[in-house]
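What follows is the residue order along each chain.
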Amino acid sequence: MVRKIVATGLVLLMSAAMVFAAGRAEGPADDDTLRIGLLVKSLGNSFFEAARDGAMEAAAELGDVEVIYQGPSTPTAEGQIEIIDSLIAQGVHGIAISSNDENALVPAAQRAQRAGIEVISFDSAVAADGRSIHLAPSDDELIGRSQVQAIAEMIDYEGQIAILSASSTATNQNAWIEWMRTALEEPEYANMELVDVVYGDDLSDQSYREAVGLFNSYPDLRGIISPTTVGVAATARAIQDEGLVGQVELTGLGLPSEMSQYVQDGVSQNVALWNPIDLGYAAIYITYHLLRGNVEAEAGAVIPAGRIGDIRVGEGLVAVLGEPFVFDASNIAEFADIY
Ligand code: RAM
């Protein structure tokens, strides 16, 4: 669009500038197939591959949507910024982002918005200035507190614990970790001590090395919370390899497909998670209805999302999908084939 305007002359250029100043260029035409970029933290993460499958399912149901699945090879803001700029150049209509950095992505996300692209975030938020709606899988406080409660029960409310997270700038993990710290101030956890927070960057080998580093630095360590699917699976492998099953307890946010064997072997008594397929599915429905003008991005909006039903937009334009589900030895195998 911009190219044509420049060719046509100054008057049109000025009117385009006025449209952009208002924050929106023209939306898609009714008969346009909507091209939506699903921009994930990094490629090679099964959690996001499940979200991609859900996004494709939504696109197939809607019929007039094409999903472009993209992500950097490692979870960095820089990698995502490059991809946002390339999606702008490709002229996509929408981008749904799981962010590696709440603030660092804002300028690029705003460039996309100024080019008329609908930007939402899902899973891991972009700051409010750089997106319309954020789709959270669950409530941050609930996630943080329930992870602390899970490890507390495993270690009888006593001893050293550590957190093995994703990247140090990940919006979602950082929000959950803040709630874990708050929860740990409750009197029932007075005999538990958080000794360290380390970052495996959602890379399996790095997470494994960080887990082994924790065992070496803290010989009395009793438990690890790993609120990342990549981290928790790598930590389980490290606990098993080092012969520490029962000595170092483990909980976190894990994919049943990656954690089933470890949970059945007692490496972890339980992990929690939501359905990543539904998350990708809902992200596409939300972006779609915003682009088609069927709903406004405002608190109180209700967005129909196919088989999931209605999604309600709350304060701060955050919509919450549901509650995390706990997987233990009694039920994890059932889900292992799904995600
Ligand atoms: C990893 C990613 C993702 C997070 C899950 C729990 O796959 O960090 O953002 O939601 O774990």
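Relevant structure appears above.
As the structure is a prediction and not an experimental result, all values here were calculated from the model. (Residues numbered from 1 in each chain as written. Predicted model: local features only at pLDDT ≥ 70, side-chain atom pairs only at ≥ 80, totals over all residues. Heavy atoms only, no water.)

**A closer look at the pairing of strand β3 (residues 94–97)**
Working note: regular strand, side chains alternate between the two faces of the sheet. Rule in force here: For each residue, the accessible area found with a 1.4 Å probe, counting protein chains only, is set against the maximum for its type, and the residue is called buried under 20%, exposed over 50%, and partly exposed in between. The helix and strand labels rest on DSSP assignments: H or I over at least four residues marks a helix, E over at least two residues marks a strand, and numbering proceeds from the N terminus. Two strands pair if DSSP finds at least two bridges between them. When the strands point away from the viewer, a crossover counts as right-handed if the route from the first strand across the helix to the second turns clockwise.
Neither face of β3 is left uncovered, since the one carrying Gly 94 and Ala 96 and the one carrying Ile 95 and Ile 97 both have all their residues buried. Alignment of strand β1 (residues 34–39) against β3, held across 4 bridges, turns out to be parallel. Bridge pairing links Leu 38 to Ala 96 in β3. Pairing between β3 and strand β4 (residues 118–122): 4 bridges, direction parallel. Bridging across to β4, Ile 97 finds its partner in Ser 121. Crossover β3 to β4 through helix α5 (residues 106–114) is right-handed.

**Digging into the side chain of Ser 207**
Just so we agree on the cut-off: Residues adjacent in sequence count toward polar contacts only when both atoms are side-chain atoms; beyond that, a polar contact is any pair of N or O atoms within 3.5 Å, and within protein one must be able to donate a hydrogen and the other to accept it. Any two residues whose heavy atoms approach within 4.5 Å at even a single point are treated as in contact.
Counting through the fold element by element, Ser 207 comes out in helix α8 (residues 204–217). Since its relative accessible area comes to 0%, Ser 207 is described here as buried. Only 3.3 Å separates the side chain of Ser 207 from the backbone oxygen of Gly 200, close enough to count as a polar contact. Those residues in contact with Ser 207 that lie beyond four places of it in its chain are Leu 164, Gly 200, Asp 202, Val 230, Gly 231 and Ala 234.

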